[in-house]
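Chain residues, written in single-letter form:
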Amino acid sequence: LRVMLSVSGDAEPALALYDAAGNPRVGVGLVGGEPGLALIDDAGEGRAGLCLEDGRPSLWLSDAAGEIRMLLSMLGGQPALLLMDAAGRIQWDAP
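Residues numbered from 1 in each chain as written. Predicted model: local features only at pLDDT ≥ 70, side-chain atom pairs only at ≥ 80, totals over all residues. Heavy atoms only, no water.

Engineer: Could you clarify how one ought to interpret the sheet that holds strand β3 (residues 24-31) in this entry?
Structural biologist: By definition, the strands of a sheet pair up through backbone hydrogen bonds, in either a parallel or an antiparallel sense. Pairing within the open sheet is antiparallel, and its nine strands lie in the order β1-β2-β3-β4-β5-β6-β7-β8-β9. Only two strands of the sheet have a single neighbouring strand rather than two, namely β1 (3-7) and β9 (90-94). For this sheet the average axis-to-axis angle between neighbouring strands, irrespective of direction, equals 10°. Both strand β2 (residues 13-18) and β3 contribute to a ladder of five bridges, which runs antiparallel. Counterpart to A14 in the pairing with β3 is G29. (Pairing = 2+ DSSP bridges. Helix = DSSP H or I, 4+ residues; strand = E, 2+ residues; numbered from the N terminus. Axes fitted to C-alpha atoms, helices over the stretch in contact; angles between N-to-C directions.)

Following this line, the structure appears as structure tokens:
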């Protein structure tokens, strides 16, 4: 299996791409009616993603444990960047 197209119980479509070993590597779909894209590592953890959340674009990067470590988003009409430690605590943010 290299590609899977599915529909969730909430009638939201999703597309998954698999590597030669059968591991999911890319996911594209709708969650709550909002589009999202996830890049997945060899261990099955989402490592990077791009999505809309309440109409706001967001880009995130996570560590090998799946914890989000960087988030770039629009908050209140302004760009915002958050850097988090492994426990999810904000270590730096702008603006």
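After that view of the structure, there is still more to cover.
Engineer: In this structure, what is going on with the pairing of strand β4 (residues 34-40)? I would like to understand it.
Structural biologist: A regular strand places its side chains on the two faces of the sheet in alternate fashion. In the sheet, β3 pairs with β4 via six bridges, with the strands oriented antiparallel. Bridge pairing in β4 places V26 opposite L39. Here β4 pairs with strand β5 (residues 46-53) via five bridges, running antiparallel. Residue pairing for β5: A38 is matched across the bridge by G49.

Engineer: Help me understand the pattern of salt bridges in this model?
Structural biologist: Pairing between side chains becomes possible if they bear opposite charge and their charged atoms approach one another. Summed over all chains, the structure comprises five salt bridges. Put simply, D19 and R25 hold a salt bridge, and the shortest N to O gap is 3.4 Å. Accessibility expressed as a relative area gives 28% for R25, which makes it partly exposed. For R89, the salt bridge is made with D85, and the minimal N-O distance between the two is 3.1 Å. Residues joined in a network through salt bridges with shared partners are D19, R25 and D42. (Salt bridge = Lys/Arg side-chain N within 4 Å of Asp/Glu carboxyl O. Buried < 20%, exposed > 50% of the residue type's maximum accessible area, 1.4 Å probe, protein only.)

Engineer: Is there a simple way to explain the environment of L1 in this structure?
Structural biologist: Checked against the element boundaries, L1 lands in the segment before β1. Through-space distance from the C-alpha of L1 to that of A43 is 18 Å; in sequence the pair is 42 residues apart.

Engineer: I would appreciate a short explanation of unusual backbone geometry in the present structure.
Structural biologist: Apart from glycine, the bulk of residues carry a negative phi angle, and the bulk of peptide bonds sit in the trans form. Cis geometry marks the peptide bond from A94 to P95; its omega dihedral reads 5°. Structurally, the position occupied by P95 is in the segment after β9. We note that A11 has phi near 65°; this positive angle belongs to a residue other than glycine. Taking the relative accessible area as the measure of exposure, A11 reaches 59% and is therefore exposed. Phi angles above zero are rare outside glycine, and D54 is one such case at about 55°. Among the structural elements, D54 can be located in the loop between β5 and β6 (56-62).

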